[in-house]
Amino acid sequence: MTHQPNALWPLMLPVEWQGDDDYCTVSARGVRLTFSDGQEVLCGTSGLWNCVLGYGNEAIAHAVYEALRDASYLSVYRYENVYARRAAEALREVAGTEHFGRVLFSTSGGAANDLVMKVVRHYFALRDEHARKGIVGLDGGWHGLTYGAAALTGVDLGHRVYGIDRRLVTHVRPNESEELERLLDEHRGRIAAVVVEPVLGTPALELSDAYMADLLRLRREHGFLLVADEVTTGFWRVGPFFASQAWPEPPDILVTSKGLTNGTMAASAVIVSHDVAHAFVHAGAVLGHGETQAGTPAAAAAVLATLDEMRRLDGASLSTALSGRLDAELDALVEEVDQVSSTSGRGCLRAIMLRHHGAPISDAEVTALVAAIRKEGALVHPGPSCVQILPALVYSPEDTSSLFNSIRAGIKRHFL
């Protein structure tokens, strides 16, 4: 059925679904969404990975309300504000004050990655290494769809149509150390940064310990900055508060968003090491970047309240418990359902790989399967030959069981 689109032009939604009430949400509470058609659906994606503590957290909502009432808009563009100062210090503390020095605020993961490219190139210019402009990402990595981030994202979503400039950006395969080493040797002294997700969000591909050891060794040998894009993996999603805290050595720059405000505000942060921060301070250099809505009182209040709620609810314990339940459910799914070939990911970031007649399923089949699972009561996310699940840390054992019951029923509905 074709629906007449309304004034809203939604993003990344097929035209034939635009204006369809089946794809319009009206409310969210806890770990459930209500759609315009009246269906209540269990959310298996934390609202596009954002709401790690579930929807409708009262403490975060109240903190934002107070900030809006007392300081409706204050900027970090040519000024500072006390809300942003407090939030920056809190983030520096949770990331690790012994290594990280300063925090830049932005408004999305994509915009933050654009900002990262400016920081790393400016940093090397301050060191008179003007040839260091190249940025390396990983095939399949996802860093956003703003212009810089789209160039860095290892998936082509219209680069030629939009004129995305990739002349100074390249990609290598994840977990292939020799490929990266050859690239660095070929472009010695020209690579400014390597940007990686500790677990690639699509389709939940972990970077191996051996690869990380090689990446850290290559950083020492070649002098590039290592950037951990933790937009997806932060806030206890896959283990430590930030996944890179499990690395033998920390990154030079850490990017966070999504869980940063529990999805309540358009906010992200770029946390930089003392070394990177000192280069700008020592040179008296002003970074050429500004965003009107970055670091506002409401966004900063949401950051602080989210961190407080993480402590109050013991996010580490919630993550460990949910991860254990996911392990058990996923193992059972592989054993019981023929169409499930394997699973990938870690912690509370997982992908279920699917096959039909022995071959990985197509994108069209993935889309149809996601729709079938939703009809059975749960929302999951499409990925390459897989469906992805990133449940909120506050999932109960009953929620976990319900999610997998819906996945089983959706697979049966679609394939049988």
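Residues numbered from 1 in each chain as written. Predicted model: local features only at pLDDT ≥ 70, side-chain atom pairs only at ≥ 80, totals over all residues. Heavy atoms only, no water.

Caption draft 1: Structural context of the overall build of the protein. Within the protein, the secondary structure is distributed over twelve helices and 18 strands. The globule rule puts the C-alpha radius of gyration for 416 residues at 22 Å, and the 21 Å found for the protein is close to it. Considered along the principal axes of its C-alpha atoms, the protein spans approximately 65 × 55 × 45 Å. Within the protein, residue pairs in contact and separated by at least 24 positions form 70% of the contacts whose partners lie at least 6 positions apart. Distance between charge centres in the protein, computed from 36 positive and 50 negative side chains, equals 4 Å. (Helix = DSSP H or I, 4+ residues; strand = E, 2+ residues; numbered from the N terminus. Rg over C-alpha atoms; globule rule 2.2 N^0.38 Å. Contact = heavy atoms within 4.5 Å. Lys, Arg positive; Asp, Glu negative; His and termini not counted. Charge placed at Lys NZ, Arg CZ, Asp CG, Glu CD.)

Caption draft 2: Spotlight on unusual backbone geometry. Put simply, Thr202 and Pro203 share a cis peptide bond, and its omega is 0°. We note that Met12 has phi near 60°; this positive angle belongs to a residue other than glycine. By the secondary structure assignment, Met12 is in the segment before β1 (25-29). On the basis of relative accessibility, which here comes to 63%, the residue Met12 falls in the exposed class. Residues other than glycine seldom take positive phi values, yet Lys258 does so here, at roughly 50°. Its place among the elements puts Lys258 in the loop between β11 (253-256) and β12 (268-273). (Buried < 20%, exposed > 50% of the residue type's maximum accessible area, 1.4 Å probe, protein only.)

Caption draft 3: Inspection of helix α7 (residues 209-222) at higher detail. Taking 1.5 Å per residue as the helical rise, α7 with its 14 residues ought to reach 20 Å, and the 20 Å between its terminal C-alpha atoms agrees with that figure. Those residues of α7 not exposed but buried are Tyr211, Met212, Leu215, Leu216, Leu218, Arg219 and His222. The buried residues of α7 occupy an angular sector of 160° when the element is viewed end-on, so they sit on one face. The exposed set on the far side of α7, more than 90 degrees from its buried face, consists of Asp209, Ala210 and Arg220. (Expected span 1.5 Å × (residues − 1). Arc of directions from axis to C-beta.)

Caption draft 4: Geometry of the pairing of strand β14 (residues 349-356). The element β14 is largely enclosed, with a buried count of six among its eight residues. The sheet contact formed by strand β13 (residues 340-346) and β14 spans six bridges and is antiparallel. What sits directly across from Arg346, in β14, is Leu349. Two successive antiparallel strands, β13 and β14, enclose a turn made up of two residues, where Gly347 displays a positive phi of approximately 60°. (Pairing = 2+ DSSP bridges.)

Caption draft 5: Highlighting the layout of surface pockets. Taken as a whole, the second largest pocket encloses approximately 1,000 Å³ of empty space. If you trace the second largest pocket, you find 30 residues lining it, with Val76, Glu80, Arg102, Val103 and Leu104 closest to the centre. Taken together, the residues of the lining of the second largest pocket break down into 19 nonpolar, four polar and seven charged. (1 Å grid on protein atoms, 1.4 Å probe; cavity = no way out; pocket = protein on both sides within 12 Å on 5 of 7 lines; lining within 4 Å. Points joined across faces, edges and corners; volume = space filled by probe spheres on them. Nonpolar A, V, L, I, M, F, W, Y, C, P; charged D, E, K, R; others polar.)

Caption draft 6: The sheet that holds β1, seen in detail. The sheet built from four strands is open, its strands ordered β1-β2-β3-β16 with mixed pairing. Lying at the two open borders of the sheet, with one neighbouring strand each, are β1 and β16 (378-379). Sheet topology note: the strand β3 (residues 40-43)/β16 ladder contains two bridges and is parallel. From the neighbouring strand, Leu42 faces β16, where its bridge partner is Ala378. Each of β2 (32-35), β3 and β16 touches helix α12 (residues 397-415); the most contacted strand, β3, lies at about 105° to it. (Axes fitted to C-alpha atoms, helices over the stretch in contact; angles between N-to-C directions.)

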